[in-house]
Amino acid sequence: MNLDRDIQARDLGNRAVLALEAGLFEDAFELITRSVHLNPQNAATRLVQAKVELALQRPAGALVALDFHDLYAPHQRDLPQVACIRAHAMMQNKKTFKAQQILQQTVKDYPESAMTHRLLAQLLLTTHQKIDAIRHLTEAVKLQPDDVISTRTLATLLEETNPRQSLELMQSLSDEARTPDEMLYQARLHKKLEQLCEAETI
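Everything in this summary refers to the structure shown in the same document. (Residues numbered from 1 in each chain as written. Predicted model: local features only at pLDDT ≥ 70, side-chain atom pairs only at ≥ 80, totals over all residues. Heavy atoms only, no water.)

Turning our eyes to something else, we now look at the nonpolar core. In this structure, Ala50, Leu66, Ile85, Ala87, Ala99, Leu103 and Leu119 are the most contacted members of the largest nonpolar core, which totals 24 residues. Listing elements by their share of this core, those giving two or more residues are helix H3 (43-55), helix H4 (59-72), helix H5 (80-92), helix H6 (96-109) and helix H7 (114-126). If you tally residues by element for this core, the top one is H5, at eight residues. With near-sequence residues (within four places) excluded, Leu66 lies in contact with Leu47, Ala50, Val82, Ile85 and Arg86. Membership of the second largest hydrophobic core comes to 15 residues, among which are Leu154, Leu167, Tyr185 and Leu189. (Core = buried A, V, L, I, M, F, W, Y, C linked by side-chain atoms within 4.5 Å. Buried < 20%, exposed > 50% of the residue type's maximum accessible area, 1.4 Å probe, protein only. Helix = DSSP H or I, 4+ residues; strand = E, 2+ residues; numbered from the N terminus. Contact = heavy atoms within 4.5 Å.)

Structure, rendered in structure tokens:
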């Protein structure tokens, strides 16, 4: 492949990633399409293409991009990042059972992948499997303590069954991360725990 063409393709791919991170999905699509046209056999570019298609709510396009990725990098097919994109596309396509199978296998193969535990918890919540969702979300927070969104979600899920742990999770957030509503939520948890203590002394 011509070196200038390769450099141009990589530059377009990098710009597509930046546009995607900025929420400029249509711009990201235009950039990654040009990158793929210049170098269709670049597996990393195909992975970005799949992410862009997901952001645009086009799961079929994401799965096609992943098929090309797997063709050019078959040894990467089952890595957590790739598996999560595939499962996410399945979820968008309403194929939750297949997505759950993919994620459960990935968690088994890569138990230290926080992103996989997090996505599996999200899927389990949509299928009303709350206990399993809490288990995987707990693991995700343990593996990635600075994940503010997962910490908040887990604290909310535990409010009724384990208010003490819910409060501890909220207190683990930095002051900058806590919103006024969450400060009120924390105060409510304090009150609930005081009431539980009073009930235990009766």
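Continuing now.
On to unusual backbone geometry, then. Phi at Gln57 is positive, roughly 60 degrees, even though this residue is not glycine. With respect to the helices, strands and loops of the structure, Gln57 is situated in the loop between H3 and H4. Given the relative accessible area of 57%, Gln57 is considered exposed. Even without being glycine, His128 reaches a positive phi, approximately 60 degrees.

A word on the layout of surface pockets. The calculated volume of the largest pocket comes to roughly 490 Å³. For the lining of the largest pocket, the elements supplying multiple residues, two or more each, are H3, H5 and H7. The element best represented in the lining of the largest pocket is H5, accounting for five residues. Class assignment of the residues belonging to the lining of the largest pocket gives a composition of eight nonpolar, five polar and two charged. In this structure, the second largest pocket occupies an estimated 190 Å³ of space. Along the walls of the second largest pocket sit Arg77, Asp78, Ala83, Arg86, Lys98, Gln101, Ile102, Gln105, Thr106 and Asp109, which together make up its complete lining. Secondary-structure elements contributing two or more residues to the lining of the second largest pocket are H5 and H6. (1 Å grid on protein atoms, 1.4 Å probe; cavity = no way out; pocket = protein on both sides within 12 Å on 5 of 7 lines; lining within 4 Å. Points joined across faces, edges and corners; volume = space filled by probe spheres on them. Nonpolar A, V, L, I, M, F, W, Y, C, P; charged D, E, K, R; others polar.)

Now for the packing of helix H9 (residues 148-157) against helix H10 (residues 163-172). Contact pair H9 / H10: the axes reach a minimum separation of 8 Å and the direction vectors enclose 160 degrees. Judged by the angle between their axes, H9 and H10 are roughly antiparallel. H9 and H10 meet at a crossing whose hand is left-handed. Residues Thr151, Leu154, Ala155 and Thr156 of H9 touch H10, and the partners they reach there are Ser166, Leu169, Met170 and Ser172. (Axes fitted to C-alpha atoms, helices over the stretch in contact; angles between N-to-C directions. Parallel < 35°, antiparallel > 145°, perpendicular 65-115°, else oblique. Left-handed = near helix turned anticlockwise from the far one by under 90°.)

Turning next to the side chain of Arg86. Looking at where Arg86 falls in the secondary structure, it is placed in helix H5. Residue class for Arg86 comes out buried when judged on its relative accessible area of 9%. A polar side-chain atom of Arg86 sits 3.5 Å from the main-chain carbonyl oxygen of Arg77. Setting aside chain neighbours within four positions, we find Arg86 in contact with Leu63, Leu66, Asp70, Arg77 and Ile102. (Polar contact = N/O pair within 3.5 Å; in protein donor to acceptor, adjacent residues only side chain to side chain.)

Turning next to the pattern of salt bridges. Tallied over the entire structure, the rule returns nine salt bridges. Between Arg58 and Glu53 there is a salt bridge, with its nearest N and O atoms 2.8 Å apart. The salt bridge involving Arg86 is made with Asp70; its shortest N-O contact spans 2.3 Å. Highlighted residues: Arg86 in helix H5 and Asp70 in helix H4, separated in sequence by 16 residues. (Salt bridge = Lys/Arg side-chain N within 4 Å of Asp/Glu carboxyl O.)

Between its first and last C-alpha atoms helix H8 (residues 130-143) spans 20 Å; for 14 residues at 1.5 Å apiece the expected length is 20 Å, and the two agree. Within H8, burial applies to Ala133, Ile134, His136, Leu137, Ala140 and Val141. On its buried face, H8 is in contact with H6, H7, H9 and H10. (Expected span 1.5 Å × (residues − 1).)

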